Amino acid sequence: MSSIVTPEFTRGLPKAELHLHIKGTLEPELKLKLAKRNNVDIGQETIEDVQKTYDYHDLASFLAVYYPAMNVLQTEEDFYDLAWAYLTKAAANNVRHVEIFFDPQAHTSRGIPFETVINGLYRATVDARALNVDAHLIMCFLRDFSKESARLTLQEGLKYRDKIIGVGLDSDEHNNPPLKFARQFEDAAAAGLHLTTHCDIDQKDSIEHIRQALEIMEVERLDHGTNIVEDPDLVELVAKRQIGLTSCPLSNGFVSPEMKGEEIISLLKAGAKISINSDDPAYFKGYISDNYYALAQKYQLSQEQIVQLAKNSFESSWISQKQKELYLAEIDSYVAKFSK
Ligand SMILES: [Zn+2]
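Keep in mind the model is a prediction, meaning the values are calculated, not measured. (Residues numbered from 1 in each chain as written. Predicted model: local features only at pLDDT ≥ 70, side-chain atom pairs only at ≥ 80, totals over all residues. Heavy atoms only, no water.)

Draft legend 1. A look at the coordination of the zinc ion. For the zinc ion, the full set of protein donor atoms is His19 (NE2), His21 (NE2), His198 (NE2) and Asp279 (OD), at a range of 2.1 to 2.4 Å. Given four donor atoms and angles of 82 to 172° at the metal, the environment of the zinc ion is assigned as irregular. Between consecutive donor residues of the zinc ion, the sequence gaps follow H-x1-H-x176-H-x80-D. In this pair, histidine 198 is assigned in strand β5 (residues 194-199) and aspartate 279 in the loop between β8 (273-276) and α14 (288-299), connecting sequence segments 81 residues apart. Among the residues examined, histidine 198 registers a relative accessible area of 4% and is labelled buried. (Donors = N, O, S within 2.8 Å, 3.2 Å for Na, K, Ca; no water. Tetrahedral: all angles 85-135°; square planar, octahedral: opposite > 155°, others 65-115°. Helix = DSSP H or I, 4+ residues; strand = E, 2+ residues; numbered from the N terminus. Buried < 20%, exposed > 50% of the residue type's maximum accessible area, 1.4 Å probe, protein only.)

Right, dumping it as structure tokens:
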């Protein structure tokens, strides 16, 4: 096997994407188009104007740009267009399977009906089969909203149970521990939904939050969660239980001085199911293959390590064992062909 990782190699490598916020895929072009379509004044006229606003140095300043952008999303067609634009990019990155995060509260709180959001997104996931992308939806609760709001959101979401595969937790983690939503997670699990939660990097109580998520709420994956390396006991636990960790190098580089490459490599070596993902690609300047490549470049990862990260993405995805084996075989034949 050749040891040089090229952009072509990372782009063509079959992979699953498990940490992707659909609203974080809103590119300046589409934002302007939707603003025009819906007569929403976003205060910017050109792509350059919009790009200038995509400037932030930490999570709070990022969220301050991120949420107001949602106003351009109004109709089912808008949500369809947003998801479709991402899915065509996913196909170009040879993402074979994707589990997409969406946050109903970011839209219902500004008067957009739940059904408008889910019907638009879901229709795009169905149409993605034509792109050879197997796409699913994970409903996230905004953790800086109340428990009561999460309860109502879950109630609404369960009306569309067949369109959702799991629940997650995202947005501002400061003083919003996973346990705040223990009840909703229990109810979601009882309805047969999978569980994951964000444990963002370098939070005030990172380890405590990771512990709650793993030991009390029994989530199947941690989104980010790389601070776990500070506690070898918890690393052993995720390796043993094969809990997925969905890491996002480029977004890490925006909100901290590092891509958290050392942590990613150490978790990979410990046998944890860590994977590479794009988080909010329109805002962090790179889709999933760019994330693989940036990490490989900066930390001189071998082709074997990159392949292992891609295998981990399928192994920690919410598909059957049989489907996993098919995708893993696809990776092996890709690598064999590429090395010829
Ligand atoms: Zn995220």
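Anyway, onward from the coordinates.
Draft legend 2. Region of the structure containing the pairing of strand β2 (residues 95-102). Of all eight residues that make up β2, eight are buried, and the element is covered over most of its length. As defined by bridge partners, β2 adjoins strand β3 (residues 134-142) across six bridges and the pair is classed as parallel. In the sheet register, phenylalanine 102 faces β3, and the bridge partner there is methionine 139. (Pairing = 2+ DSSP bridges.)

Draft legend 3. Spotlight on unusual backbone geometry. Of note, the phi angle at asparagine 94 is positive, near 50°, even though the residue is not glycine. By secondary structure assignment, the location of asparagine 94 is in the loop between α5 (76-92) and β2. With a relative accessible area of 23%, asparagine 94 lands in the partly exposed category. Non-glycine residue asparagine 132 carries a positive phi angle of around 70°. Inspection of the secondary structure assignment puts asparagine 132 in the loop between α7 (114-127) and β3.

Draft legend 4. Region of interest: helix α9 (residues 182-190). All of the buried residues along α9 are Gln184, Phe185 and Ala188. Axial view of α9: buried residues confined to an arc of 100°, hence all on one face. More than 90 degrees from the buried face of α9, the exposed residues found are Arg183, Glu186 and Ala190. Contact partners of the buried residues in α9: β3, α8 (147-157), β4 (166-170) and β5. After α9 finishes, the residue glycine 192 shows a positive phi value of roughly 85°. (Arc of directions from axis to C-beta. Contact = heavy atoms within 4.5 Å.)

Draft legend 5. Representation of the side chain of histidine 198 in the model. At a separation of 3.0 Å, a polar atom in the side chain of histidine 198 contacts the side chain of histidine 19. Apart from residues lying up to four places away in sequence, histidine 198 is in contact with His19, His21, Phe101, Arg143, Leu169, Asp170, Glu173, Asp223 and His224. (Polar contact = N/O pair within 3.5 Å; in protein donor to acceptor, adjacent residues only side chain to side chain.)

Draft legend 6. Molecular detail of the sheet that holds β4. Strand order in this open sheet of eight strands is β1-β2-β3-β4-β5-β6-β7-β8, and the pairing throughout is parallel. At either end of the open sheet lies a strand with only one pairing partner, and these are β1 (15-17) and β8. Between one strand axis and the next, the sheet turns by 25° as a mean value, whatever way the strands run. Docked against the sheet, α5 engages β1, β2 and β3, running at close to 150° with respect to β2. (Axes fitted to C-alpha atoms, helices over the stretch in contact; angles between N-to-C directions.)

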